[in-house]
Amino acid sequence: MPLDRRPITGAVHRRRHRFSYIIIVALIVAFFVLAELVSRGITQAWDQATILSLRSGGNIADPIGPAWMEEAGRDVTALGSYIVLVFLVASATGFLALLGRWRLVGLLAASVIGGMVISALLKFGFDRPRPDIPHSARVFTASFPSGHATLSTVVFLVIGGLLTRTTEDPQIRSYFVSLSIILTVAVGFSRLYLGVHYPTDVLAGWLVGGAWALGCWTIASKLEAKSSAVASTRDLR
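Residues numbered from 1 in each chain as written. Predicted model: local features only at pLDDT ≥ 70, side-chain atom pairs only at ≥ 80, totals over all residues. Heavy atoms only, no water.

Asker: Give a detailed account of the overall build of the chain, specifying residues and quantitative values.
Answerer: For the chain, the count of helices and strands is 8 helices and 2 strands. Walking the chain from its N terminus toward its C terminus, one meets helices and strands in the order α-α-β-β-α-α-α-α-α-α. Residues counted as buried form 41% of the 237 residues belonging to the chain. In the chain, 78% of the contacts between residues at least 6 apart in sequence involve partners at least 24 apart. Accessible surface, the chain: about 13100 Å² in total, of which carbon and sulfur atoms supply 69%. (Helix = DSSP H or I, 4+ residues; strand = E, 2+ residues; numbered from the N terminus. Buried < 20%, exposed > 50% of the residue type's maximum accessible area, 1.4 Å probe, protein only. Contact = heavy atoms within 4.5 Å. Areas by Shrake-Rupley, 256 points an atom, 1.4 Å probe, with all protein chains shown as cover.)

Asker: Please provide a residue-by-residue account of the pattern of salt bridges, values included.
Answerer: Under the definition given, this model contains 5 salt bridges. In this structure, Arg40 and Glu36 form a salt bridge, with 2.7 Å as the shortest nitrogen-oxygen distance. With a closest N to O distance of 3.0 Å, Arg74 and Glu70 form a salt bridge. Residue Arg74 and its partner Glu70 are located together in helix H3 (residues 67-78), separated by 4 residues, close to a single helical turn. Sharing partners across several salt bridges, the network here consists of Asp47, Arg128 and Asp201. (Salt bridge = Lys/Arg side-chain N within 4 Å of Asp/Glu carboxyl O.)

Asker: Could you give an account of unusual backbone geometry, naming the residues involved and the relevant values?
Answerer: Note that the residue after Phe144, namely Pro145, is joined by a cis bond; omega there is -10°. With respect to the helices, strands and loops of the structure, Pro145 is situated in the loop between helix H5 (102-126) and helix H6 (147-164). Even without being glycine, Asp127 reaches a positive phi, approximately 50°. Relative to the helices and strands, Asp127 resides in the loop between H5 and H6. The exposure class assigned to Asp127 is exposed, which follows from its relative accessible area of 53%.

Asker: Tell me what's going on with the nonpolar core, and back it up with residues and numbers.
Answerer: Ranked by internal contacts, the top residues of the largest apolar core, which has 22 residues, are Val89, Leu96, Leu108, Val155, Val158, Ile159 and Leu162. Elements that contribute at least two residues to this core include exactly helix H4 (82-98), H5, H6 and helix H8 (199-236). Top element by residues in this core is H6. It accounts for 9 residues. Filtering out sequence-adjacent residues up to four positions away, Leu108 remains in contact with Val89, Ala92, Thr93, Leu96, Val158, Ile159 and Leu162. (Core = buried A, V, L, I, M, F, W, Y, C linked by side-chain atoms within 4.5 Å.)

Asker: Explain the packing of H6 against helix H7 (residues 170-193) residue by residue, including any values.
Answerer: Between H6 and H7, whose axes approach to 8 Å, the crossing angle comes to 175°. Considering the angle they form, H6 stands roughly antiparallel to H7. Of the residues in H7, those in contact with His148, Ser152, Thr153, Phe156, Leu157, Gly160, Leu163 and Thr164 of H6 are Arg173, Phe176, Val177, Ser180, Ile181, Leu183, Thr184, Val187 and Arg191. (Axes fitted to C-alpha atoms, helices over the stretch in contact; angles between N-to-C directions. Parallel < 35°, antiparallel > 145°, perpendicular 65-115°, else oblique.)

Asker: How would you explain the confidence of the model for the chain if you had to name every residue and give the values?
Answerer: Low-pLDDT stretches of the model should not have their predicted coordinates read in fine detail. Mean pLDDT over the chain works out to 84, with 86% of the residues at or above the 70 mark. Low pLDDT, under 50, characterises residues 1-7; the stretch is placed with 4 contacts to residues that sit more than four places away or in other chains. (pLDDT = per-residue confidence, 0-100.)

So, in structure tokens, the structure goes:
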């Protein structure tokens, strides 16, 4: 089946951008509402109950399930570590550079650095203690929001979104986005399973990371639209 290569009009781009702005604002508002609830301690009982439901009844230091499941949880959570994310960003940067998509390379770098700064500032500002149970992974920073959830959301969704700009095949685009979402969700749940974060920490990371990633997607779309408009103007001359 041939691809539909008809150009997207400026009106369509503007509608998409307006919809993106609405979603970004909604995510940001949801984050601050959640942050307020957490700060007041309203979510603490639910957070604690959820964490304990994932621990072995006879040993609070032991997550539920067989030993291999705990090991798998650590493997999955490593996908959201700085080392793995930096490797993924470097790999995606190389791919985009080989395609000559230098604007996207710059946008990818800016989005990741911005995500790291946002995560660090929010952690410092809220300074929420980690769950008071033995952890199955080493931790070095405050709890809210989850840095793994925030940064994996930013990196996976931004890379997935930027990779969709390299193809016109809707199936491949859907694959990139779907894979990004699956990886993001998996990393977030692994943090809960290992007992290093409360559910609201992970949810907050998804919210702020999603808002930042969608903002970067919107910028990429604007850059693409501007480039297409310039190219069309040149063709008319």
